[in-house]
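Coordinates in review
Read off the chains here:
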Amino acid sequence: MDGGAFGAGKAGGAFDPHAFIRQPYTLLRLLSWVFSIVVFGSIVNEGYVNRPDETQEHCIFNRNRNACNYGITVGVLTFLSCLLYLALDAYFPQISSVKDRKKAVLSDIGVSAFLAFLWFVGFCFLTNQWQASKEEDNPMNEGGDAARAAITFSFFSIFTWGFLTFLAFRRLRDITFQEEYNTLFPNSPSLLP
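Figured I'd write up the structure that's included with this text. Nothing here was measured: the structure is a model prediction, and the numbers come from that model.

Structural notes on the packing of helix H2 (residues 24–46) against helix H3 (residues 65–91)
Contact pair H2 / H3: the axes reach a minimum separation of 8 Å and the direction vectors enclose 155 degrees. Here H2 is positioned roughly antiparallel relative to H3, judged by the angle of their axes. The element H2 and its partner H3 pack so that their crossing is left-handed. Residues Tyr25, Thr26, Arg29, Leu30, Ser32, Trp33, Ser36, Ile37, Val39, Phe40, Ile43 and Val44 of H2 form the contact with H3, whose participating residues are Cys68, Gly71, Ile72, Gly75, Val76, Thr78, Phe79, Cys82, Leu83, Tyr85, Leu86 and Asp89.

Set out below in structure tokens:
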């Protein structure tokens, strides 16, 4: 794909799926998407257990329903955000206005930073509740691997979303430069092809 404002091709250019897949933010979004599936899938599938003498299931994380709900909510929110921003990244080369590109990147920065923060909180919360869990609440150690997987992939998600925030800041810098260049030299050819 030809370089342009924020590494995008010329507006109206054809979509190149090979170039799209090779972009670092596309790979990170796909990785974050998989991590979110692992977290909420682990909790939904094996995150609720009961004692042999009980019929009602409780959250595996210290019987704290809020811990399971938090992990599921952030996982689903991240899953949907990844799909939304993958679609925006695919559509991005079609956006001709530098201002609209800037708005898209600013929303990416905000969402990515917010999700990195939510995953940090989730990692700390799930880890704390897992450490506080009592062995008598889960005598057969059911779902332990799922709980550890949710904690581990919450930790990995902090870094993927943090790096996505960093990449979005780099994109913003490129867009701001293009915008300033167009303001200073309105009748000149584009600096970036």
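Some points on a nonpolar patch on the surface
On the surface, a cluster of nonpolar side chains totalling about 460 Å² of accessible area is made up of Leu77, Phe114, Phe117, Phe120 and Val121. It is helix H4 (residues 98–132) that provides the largest number of residues to the nonpolar patch, a total of four residues. Counting through the fold element by element, Phe117 comes out in helix H4.

Brief notes about the pattern of salt bridges
Under the counting rule described, the total for this entry stands at six salt bridges. With a shortest N-O distance of 2.8 Å, Asp108 and Arg29 are connected by a salt bridge. A residue pair is termed long-range when its members are at least 10 positions apart, and Asp108 in helix H4 and Arg29 in helix H2 qualify at 79 residues. Considered together, Asp108 and Arg29 belong to a single accessibility category, that of buried residues. Notably, a salt bridge pairs Asp145 with Arg148, separated by 2.9 Å at the nearest N-O pair. Residue Asp145 and its partner Arg148 are located together in helix H5 (residues 144–184), separated by three residues, close to a single helical turn. Overlapping salt bridges bring together Arg29, Asp89, Asp108 and Arg171 as one network.

Concerning H4
Compared with an ideal rise of 1.5 Å per residue, which puts 35 residues at 51 Å, H4 spans 51 Å between its outermost C-alpha atoms and is within 8% of the ideal. Among the residues of H4, the N-terminal cap falls to Ser97, whose side-chain oxygen and the backbone nitrogen of Lys99 are separated by 3.3 Å.

Structural notes on the environment of Arg101
Within the fold, Arg101 resides in helix H4. Arg101 sits 70 residues away from Arg171 along the chain, and the two C-alpha atoms are 9.5 Å apart.

Quick word on the packing of aromatic side chains
By the definition in use, this model includes eleven aromatic pairs. Ring centres of Phe40 and Phe79 lie 6.0 Å apart, and the angle between their planes is 80 degrees; on these two criteria the pair is classed as edge-to-face. Residue Phe40 is found in helix H2, and its partner Phe79 is found in helix H3; the two are separated by 39 residues along the sequence. Centroid distance Phe155 to Phe156: 6.3 Å. Interplanar angle 55 degrees. Geometry classified as tilted. Residue Phe155 is classed as partly exposed on the basis of its relative accessible area, which comes to 33%. Site record: aromatic cluster; members linked through ring pairs are Phe35, Phe123, Phe153, Phe155, Phe156 and Phe159.

Side note on H3
Here H3 spans 39 Å end to end across 27 residues, near enough to the 39 Å set by a 1.5 Å rise per residue. Restricting attention to buried positions, one finds in H3 the residues Ala67, Cys68, Gly71, Ile72, Val74, Gly75, Thr78, Ser81, Cys82, Tyr85, Leu86 and Asp89. Measuring from the side-chain oxygen of the N-cap residue of H3 to the backbone nitrogen of Asn66 gives 3.0 Å; that N-cap residue is Asn64.

Calculation rules
Residues numbered from 1 in each chain as written. Predicted model: local features only at pLDDT ≥ 70, side-chain atom pairs only at ≥ 80, totals over all residues. Heavy atoms only, no water. Axes fitted to C-alpha atoms, helices over the stretch in contact; angles between N-to-C directions. Helix = DSSP H or I, 4+ residues; strand = E, 2+ residues; numbered from the N terminus. Parallel < 35°, antiparallel > 145°, perpendicular 65-115°, else oblique. Left-handed = near helix turned anticlockwise from the far one by under 90°. Contact = heavy atoms within 4.5 Å. Patch = residues over 30% accessible without salt bridge, like charges linked within 9 Å, V, L, I, M, F, W, Y side chains within 5 Å. Areas by Shrake-Rupley, 256 points an atom, 1.4 Å probe, with all protein chains shown as cover. Salt bridge = Lys/Arg side-chain N within 4 Å of Asp/Glu carboxyl O. Buried < 20%, exposed > 50% of the residue type's maximum accessible area, 1.4 Å probe, protein only. Expected span 1.5 Å × (residues − 1). Polar contact = N/O pair within 3.5 Å; in protein donor to acceptor, adjacent residues only side chain to side chain. Phe/Tyr/Trp six-rings, centres within 6.5 Å; stacked < 30°, edge-to-face > 60°.

Note that every value here comes from positions in space, so none of it alone points to a role or purpose.
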